[in-house]
Amino acid sequence: MTEHIVGSVDEVPDGGVIGVEVDGLEIAIFNCDGDFYAMQNRCIHRRAALHRIDEERIGEDDCLTEGPGDIDCEKRVTACPWHGWKFELETGQHQTTEKRMRTFPVIVDGDELRVDV
Ligand code: FES
């Protein structure tokens, strides 16, 4: 694994998420109360981008539920914007199946955010 600089801590709002790309991998970086989490940014269901949580939904015809997505910092869980599948930020574990999103260690070094990929 190699550490990659993906931005600075103030680029990820508290309770928010951004999307970055590292070596061709799309990664979502979440911030909950200053704790940062990195998870693959394409949902294992139908590949929605998790960081587009507040944006207009794409692939609306495929959506079974009302959007948008959500980040619950109290439970440390995010909900995919398309169909609401919920994943634990720490582990990437889907809450109701054995499926799991890939997660990556985040290193905070001063203002710098790095992800170990
Ligand atoms: S694409 Fe994420 S829940 Fe369907």
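Preceding this section is the structure that the text describes.
Every chain is numbered on its own, with residues counted from 1 as its sequence reads. It should be noted that, the model being predicted, local features are given only for residues of pLDDT at least 70 and side-chain atom pairs only at 80 or more, the latter also being counted only at that level, while totals for whole chains, interfaces and linings use all residues. Side-chain figures throughout are based on the complete set of non-hydrogen atoms in the structure, without hydrogens or water.

*Asks:* What should I look at first to understand the environment of Gly19 in this one?
*Replies:* Helix and strand definitions here come from DSSP, where helices need a minimum of 4 consecutive H or I residues and strands a minimum of 2 consecutive E residues; each element is numbered from the N-terminal end. In this structure, Gly19 sits in strand 2 (residues 17–22). For every residue, the accessible area (1.4 Å probe, protein chains only) is compared with the maximum for its type, and the residue is labelled buried under 20%, exposed over 50%, or partly exposed between those bounds. What makes Gly19 partly exposed here is its relative accessible area of 35%. Sequence spacing of Gly19 and Met39 is 20 residues, and the spatial spacing of their C-alpha atoms is 9.7 Å. Note on definitions: a residue-residue contact is assigned when non-hydrogen atoms from the two residues lie within 4.5 Å. Setting aside residues no more than four positions away along its own chain, Gly19 makes contact with Ile27, Asn41 and His51.

*Asks:* Just checking my understanding: could you explain the sheet that holds strand 1 (residues 3–8) for this structure?
*Replies:* Through backbone hydrogen bonds, the strands of a sheet pair up, either in parallel or in antiparallel fashion. Read across the open sheet, the 3 strands follow the order 1-10-9; overall the sheet is antiparallel. Each edge of the open sheet is held by one strand with a lone partner, namely strand 1 and strand 9 (106–109). For this sheet the average axis-to-axis angle between neighbouring strands, irrespective of direction, equals 30°. Both strand 9 and strand 10 (residues 112–116) contribute to a ladder of 4 bridges, which runs antiparallel. Bridge pairing in strand 10 links Ile107 to Arg114. Two strands qualify as a pair provided that DSSP identifies no fewer than 2 bridges between them. Between N-to-C directions, angles cover 0 to 180 degrees, with each direction set by a line fitted to C-alpha atoms, over the stretch in contact for helices.

Without other data, these values stay purely geometric and don't point to any function.
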